[in-house]
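# Commentary on secondary and tertiary structure
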Amino acid sequence: MTTQSNTPAGWYPDPHGAPQTLRYWDGAQWTQHTNPAGQPAGQVPQQQAAPQQYGAPQAQAADAKVQRQVQQQAGVAASGPGGGTLFTEPVLVVNQKAKLIEVTNEYKVMDQNGRDIGSVTEVGQGVLKKILRFVSSLDQFMTHKLEIRDAYGQPQLLLTRPAKFLKSRVVVTRPDGSPVGEIVQQNMIGKINFAMNANGQQVGAIKAENWRAWNFAIVDHADNEVARITKTWEGLAKTLFTTADNYVLQIHYQLPEPLLSLVVATALTVDTALKQDSRGWN
C-alpha cells in the first residue's frame, strides 16, 4: 500500500513488517493502533475520534535547540515533514538523558523539529547489575536489553545485546518475539564496522568513519549509503560531568523491511554495542 494522502482511512497490512498484523491508517499517517490479521478489524480507534486522551502525546511547538543540533551540528538540511512516527520520519534525533552516573540507559527520540516521537529505555535490570554499573565498568560484559517505544509508550522493537567478551552482537525483535535481524560487530582494530543480518543474509552494514567511532555511514547490501549517524556535541558542561550522548540519524529515502527497522535500531545500538563512554572511546 502506498501512504498517499488520497488513501482512505482504514486497516491495512503493517508497513513495518510485523507478521499477521494490521495497522490503522488515518488518512494522513500511520497510527500506533494495531489489530491481529484474520480477525474483524473492528471500529475506528477511539483515539482517532477523540484526541488528547490519556496517554496520547500533546501537540508540541518546534524546539530551536534541536533544530540547531540537526542543521548546524549534524549538517542535515531541513526537510519536509515525515509521517510522525519512528518509522516514517526522515530524521531521528536521539538524545541520551544526562546523568552524573549512568546506571540505566535512557534515550529520548524526536523528529528534526524536536517533537517527541518515541523513547528508549533499558529493561530487565536487577539491583546487583545497577550496583555493578555504579562501582565499575563490568556492565559492558553483561547482557543489556533496550525497548524502543513509540510516542504512546507502546513497544515497537526490543534490542538485546548478549554478554560480550570482545565483539558485540545485538538481536532485534518485535514485541511479539518475532525476529527482525541482528547487528554484529565485524572487527576490533581500526574503524569499527557492523553487519546487519536478516534471514541468514547480510542486508546492510554500519561503517565507522573514524577510529573513535563517532560518525557512521549505513549502507545496504550493495554498499550504497542509505542513512547516516552523526554524534553531536552536547556542550562543555555535559561533556565534562555527565554521560549524555546525542545522535542524529538521517535516513536518505524510504527503506524496505527489515532494513528499515534495523536502521532505526542502529541509532541506539551503536552506543550500547560499543559501550562508549561520554568521550567516544571504546
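Residues numbered from 1 in each chain as written. Predicted model: local features only at pLDDT ≥ 70, side-chain atom pairs only at ≥ 80, totals over all residues. Heavy atoms only, no water.

Taken in spatial order, the 3 strands of this open sheet run β1-β2-β3, and their pairing is antiparallel. The open sheet has two free edges, formed respectively by β1 (10-13) and β3 (30-36), since each of these has just one partner strand. The average undirected angle you get between the axes of adjacent strands in this sheet is 40°. Across 4 bridges, β1 lies against strand β2 (residues 21-25) in antiparallel orientation. When the bridges of β2 are listed, Y12 appears paired with R23. (Pairing = 2+ DSSP bridges. Helix = DSSP H or I, 4+ residues; strand = E, 2+ residues; numbered from the N terminus. Axes fitted to C-alpha atoms, helices over the stretch in contact; angles between N-to-C directions.)

A separate point is the pattern of salt bridges. The full count for this structure, using the stated rule, is 7 salt bridges. The partner of R149 in a salt bridge is E147, and the shortest N-O contact between them spans 2.7 Å. A relative accessible area of 25% means that R149 is categorised as partly exposed. Residue classification places E147 among the buried positions, given a relative accessible area of 18%. Residues E209 and R228 are paired through a salt bridge, measuring 2.5 Å at the closest nitrogen-oxygen approach. With a gap of 19 residues between them, E209 in the loop between β12 (201-208) and β13 (216-220) and R228 in strand β14 (residues 225-232) connect regions that are remote in the sequence. Under the relative-accessibility criterion, E209 is labelled partly exposed at 35%. (Salt bridge = Lys/Arg side-chain N within 4 Å of Asp/Glu carboxyl O. Buried < 20%, exposed > 50% of the residue type's maximum accessible area, 1.4 Å probe, protein only.)

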